[in-house]
Every structure is written in structure tokens, then in C-alpha cells.
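# Residue-level structure breakdown
Spelled out from the first residue to the last, the chains are:
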Amino acid sequence: MIKKQLFINGEWVEAKKHTPLLSPYTGEVIANVPDATMEEVEFAIEAAYQARNTMAEMPIHQRATILEKLANLLENRAEEAAILISKESAKPLKDAKGEVARTVQTYKFSAEEAKRINGETIPMDAAPGGEGRLAYTVNMPLGVIGAITPFNFPMNLVAHKVGPAIAAGNTVVLKPASQTPLSAYFLAELMEEAGLPPGGLNVITGSGSVVGGKLVTDDRVKKISFTGSPEVGICIRNKANLKPVTLELGSNAAVIIDKDVNIEKIIPRCVTGAFSSQGQVCISLQRIYVHKECYDTFVEKFVTATKNLKVGDPLNLQTDVSALIHRKEVDRALSWIEEAKQKGAKIAIGGTSEGSILHPTVLLEVEKSAKVSCQEVFAPIVLINKVESVEEAIDLVNDSRYGLQAGIYTENIHTAMYASKKLYVGGVLINDIPTFRVDHMPYGGVKESGIGREGVKYAMKDMTELKLVIFNNN
């Protein structure tokens, strides 16, 4: 049985309490994980606080070298990392391999962006009285970054907080999701080997109220970067006072299918967007609005492709869909399906479960007030509704408390430009699903989908503060 320790100040620290970690797929205990006390959280924050000057004063090329070494170490142990992700989260192994590859890229981007932190000169004599003065700006690291991450991308979403923070010269206290701590401790092991100074990264696991609550309210922590539910995100923002926060809070992402699209070509992409990682993705394709002229064809081909998905053991490379993160999530999802049925929805396929696995489910004619439509389902469920026009579809997409990303398939450039203007979301994908993301692009949403942007360069900007320097040469 694996027994993990806390990682604080460059050392592995024996925790006072441990909690068994269960496999979402088998239900077996796969590790005993530290359940940090307030005293241990305090130790981690103080370690990061004491190390802040060391990181801030470290030459940029050294930070970049550490991140490059980290990326290389992870690449060399990619198979081990992917298996770890699959075991703790039930993510199908082929998806876990993809996540590890993206994580390597994220740390490589971080190493590159570390070398591009620059300010600008200000022409002071553009204003009367500014003559004879030279001014420039510099970007200073904030200090201690509190990173709180979810279970669905346990390695790459950690990288999107840790990589930019280290690149910008900050220190980090990381609280990974309770169900997926093993990949975070794996990162700490690699970061230590890469040469990060003690206190640069500290990993503590435990309850959100204890660990997360302390990170949000402690004055030594200068910023919170959180990915998770809107309810928790709103609570964090309310408690953080003037502390800056980046909040990535999810969505009920939609795609619009115009009448002139080659349906055969886009079906595989749409099925992948709906069901990869069991739909437990913030930009998972949850709502599909199809023009009435191609609706029946789209539904038929989508359902046929869904039938071909392989369901089962996440460690089997042939598996497409495996267990949800907890059995209670299966029960919740089934209750949402039942509610949709009560409101008139039809089940084209799925709607059943097997242990902790919810079979891929396609719902038709779903009322927009149903939970599977207006809330984030975070399960392998997708609805396909008929629309009269693209304009109607855009109104339906925008009729949401969320606004992370949305997609539209169309062959009409005017329709594409119209949609890009009218869709009220953080990112509009033309001729693609909203589930697309690469790790250097700006990523974030509007409304209850959050505040701020991730994507290495954009995250680094929010992890520094601008300082103005003026020389008076008069």
C-alpha cells in the first residue's frame, strides 16, 4: 500500500493524519494520502513565503532551465504518469497519455515564456512637464501563489498554475483535488529532481475548508488560481478581499451545426467532444443545436458512432469511456436524465449505468430548463436539439449562466463572422467543437464561467504586478 507524505520546503514530511484513496473504477484502496492539519498548512505557506525572495531574485535563465528539465523528466516517465492518472481518476489510458503529452508542452511553454517577461519604455515628454525624464515598467512577481486544482485534468491543470508561477518568479502552495493527489506528488518529485529551490513548490492535500480556506484568507498568499465549481469559486472571491483571483469555473458548452455542413466529416469530432474523459471536462460538448434541414441525419450518425464507443477498464487502451469520479456522480447524472425525460426529452441511446460507469447518453428534444441543458452536467451526456436557424441557436447558446467556449460548423463566412460577434463566450471556435484547447492560447470565460485567463503567457501576466520606474534627468 502506497503511503504518501506532504511535500513542504523541499522535503517529504510525515503527516499527522491520512485518508484512504479509492479507485473510482474498482473501489479498491490505491493509496493512503495525507489529510493536512491547519498546522501543516501553516508550515507550507511559511515555507513558500520564506522562499519568495530566492525565487524572485533567481535569474530568468535558471527558472527556464528548471522548467525545461521538468518537462524532460516528465517526458521520460510519461507512461508511468499516464498510468497514475488513470488509476486515481479513471481517465481512459489513451486520454491520460494525451494529458501527459500536453503537460510536457505546458512546462515547455512556461520555460519559453519565462524569457519573455518584459516591460516597456514610456515617452514621458508626451505630456507637458515630462521633459527630461526616462521611464520604464518592469513586471515583478507577486510572491506566494495559492493553486487549487480539480480532478479532471490532475496533471495538466496543475501545470497551468505551477508552470507560469515558477516562470514568473513566484512560489507555490498547491492543493490538488482530494481524489487526484498522486499526480501532484509525482510532480513534486520531478520538480525536486529538476532543481527547484526548497519552498518553491509545496504540495498539501486535505479538506477544502482547511487547506483551501487558509490559502484564500492568509495575507502571505498574494494570489489564488482556482479551477472548480462556480459555487466554490464565488465563495473564494468573496473571501479573498483585495487578493487577485483567477477562477475557471466550468460551462455547459454548445456547438451549432449549420445546414450546409458535411455531417459525415464532423461526427467523430463531436462524439469525442461529448464523451472524452466521461464528459468530465469544463468545455465538454454538452449541447448541440442542429439546423432542421440536417437534424435527422446528424442524430442518426451521431447515435451510430456513440454505439461504437468502448466502455470499461480505464487501463485498457481500447477503452473510450470509464467510471465517473464518484458513484454519487452517477446517481446525480441519472436523476438529471430522469428529470429531462419528465420534461419531455427522449433517450436516443444510453441512460443506464453499470457500477460507477454511466453509459454514453444522447438526449433529444430537451427542454431548455432541464438541468442537463442549463447546468454543467460533467458526465457523458449530450443533448441534440433542432433549430430553425443559426440565429435561434445563438440565442439558445447565450441563454446560459455560463460562457466559456462555443463552436459553430458552417460553410458560410458571413454566418461565421456573425456568430463570432454574437456568441457571448470567452472563446468562439469556427468549424470546431468548443472542447478544443491548446496550452498557450488564452483560455477563460464570461459570466459564471469565471474571471481571468489561463494559457501560460496570460496566466503569467496575472501572476506579476507592474512597477513604474522614472529617472529625472533635469
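Residues numbered from 1 in each chain as written. Predicted model: local features only at pLDDT ≥ 70, side-chain atom pairs only at ≥ 80, totals over all residues. Heavy atoms only, no water.

Moving on, we get to the overall build of the chain. Per the secondary structure count, the chain includes 16 helices and 23 strands. At 23 Å, the chain has a C-alpha radius of gyration in line with the 23 Å of a compact globule built from 474 residues. Across the chain, contacts joining residues at least 24 apart in sequence account for 73% of those joining residues at least 6 apart. In the structure as shown, the chain presents an accessible area of about 19600 Å², 51% of it carried by carbon and sulfur atoms. (Helix = DSSP H or I, 4+ residues; strand = E, 2+ residues; numbered from the N terminus. Rg over C-alpha atoms; globule rule 2.2 N^0.38 Å. Contact = heavy atoms within 4.5 Å. Areas by Shrake-Rupley, 256 points an atom, 1.4 Å probe, with all protein chains shown as cover.)

Right, let's talk about the environment of I145 for a bit. Following the sequence through the fold, I145 ends up in strand β8 (residues 144-148). Along the chain, I145 and L93 lie 52 residues apart, while their C-alpha atoms are 31 Å from each other.

A few words now on helix α1 (residues 38-50). In this model, α1 (13 residues) spans 18 Å end to end at C-alpha, consistent with the 18 Å of a helix rising 1.5 Å per residue. Those residues of α1 lying buried are E40, V41, A44, I45, A47 and A48. One side of α1 holds all its buried residues, which, seen down the axis, span an arc of 155 degrees. Across α1 from its buried face, at more than 90 degrees, point the exposed residues E39 and Q50. (Expected span 1.5 Å × (residues − 1). Buried < 20%, exposed > 50% of the residue type's maximum accessible area, 1.4 Å probe, protein only. Arc of directions from axis to C-beta.)

Turning next to the sheet that holds strand β21 (residues 427-430). The seven strands lie next to each other as β15-β18-β19-β14-β13-β20-β21, forming an open sheet whose pairing is mixed. A strand with exactly one partner marks an edge of an open sheet, and here the two such strands are β15 (346-349) and β21. Within this sheet the neighbouring strands show an average axis-to-axis angle of 20 degrees, counted without direction. (Pairing = 2+ DSSP bridges. Axes fitted to C-alpha atoms, helices over the stretch in contact; angles between N-to-C directions.)

Before going further, it helps to spend a moment on the sheet that holds strand β5 (residues 29-34). If you trace the three strands from one edge of the open sheet to the other, you get β1-β5-β4, paired in mixed fashion. The sheet is open, and its two edges are formed by β1 (2-3) and β4 (18-22), each paired on a single side. Pairing of β4 with β5 involves five bridges; the strand directions are antiparallel. Considered in β5, the bridge of H18 is made with P34.

Our focus in this paragraph is the packing of α1 against helix α8 (residues 208-217). Where α1 meets α8, the axes come as close as 9 Å, and the angle between the chain directions of the two elements is 40 degrees. Judged by the inter-axis angle, α1 sits oblique to α8. Here α1 runs over α8; the crossing is right-handed. On α8, the residues touching M38, V41, E42 and I45 of α1 are V210, V211, K214 and L215. Taken together, the residues of the contact of α1 with α8 sort by class into six nonpolar, no polar and two charged. (Parallel < 35°, antiparallel > 145°, perpendicular 65-115°, else oblique. Left-handed = near helix turned anticlockwise from the far one by under 90°. Nonpolar A, V, L, I, M, F, W, Y, C, P; charged D, E, K, R; others polar.)

So, on to the packing of aromatic side chains. Under the definition given, this model contains six aromatic pairs. Consider the rings of F7 and W12, whose centres lie 4.8 Å apart with planes at 55 degrees: the pair is tilted. Between the aromatic rings of F151 and F378, the centroid separation amounts to 5.9 Å while the plane-to-plane angle is 90 degrees, which identifies the pairing as edge-to-face. Of this pair, F151 sits in the loop between β8 and α6 (156-167) while F378 sits in the loop between α13 (371-374) and β19 (381-387), and the two are 227 residues apart along the sequence. Of the two residues, F151 and F378, neither departs from the other in class, the shared state being buried. For K4, the ring lying beneath its charged end belongs to W12, and the centroid distance is 5.9 Å. Lying over the aromatic face of Y49, R52 brings its terminal NZ or CZ to 3.7 Å of the ring centre. (Phe/Tyr/Trp six-rings, centres within 6.5 Å; stacked < 30°, edge-to-face > 60°. Lys NZ or Arg CZ within 6 Å of the ring centre and 35° of its normal.)

To continue, consider the side chain of T205. Relative to the assigned elements, T205 resides in the loop between β10 (201-203) and α8. Judged by its relative accessible area of 3%, T205 is buried. Aside from chain neighbours lying at most four places away, what touches T205 is L6, V33, P34, D35, A36, P176, P181, Y185 and V211.

It is worth spelling out unusual backbone geometry at this point. For S277, which is not glycine, the phi torsion reads 55 degrees and is therefore positive. Secondary-structure assignment places S277 in the loop between α10 (263-275) and β14 (287-291). Unlike most non-glycine residues, E365 shows phi in positive territory, near 55 degrees. Using a relative accessible area of 46% as the deciding quantity, one classes E365 as partly exposed.

Counting 78 residues, the largest nonpolar core has Y107, V162, L174, L187, M191, L201 and I224 as its most contacted members. If one sorts the elements of this core by residue count, helix α7 (residues 182-194) sits on top with nine residues. Beyond its immediate stretch of four places on either side in the chain, L187 contacts L70, Y107, V158, V162, L174 and L201. Within the second largest apolar cluster, 30 residues are counted, among which are A333, V377, I381 and L423. (Core = buried A, V, L, I, M, F, W, Y, C linked by side-chain atoms within 4.5 Å.)

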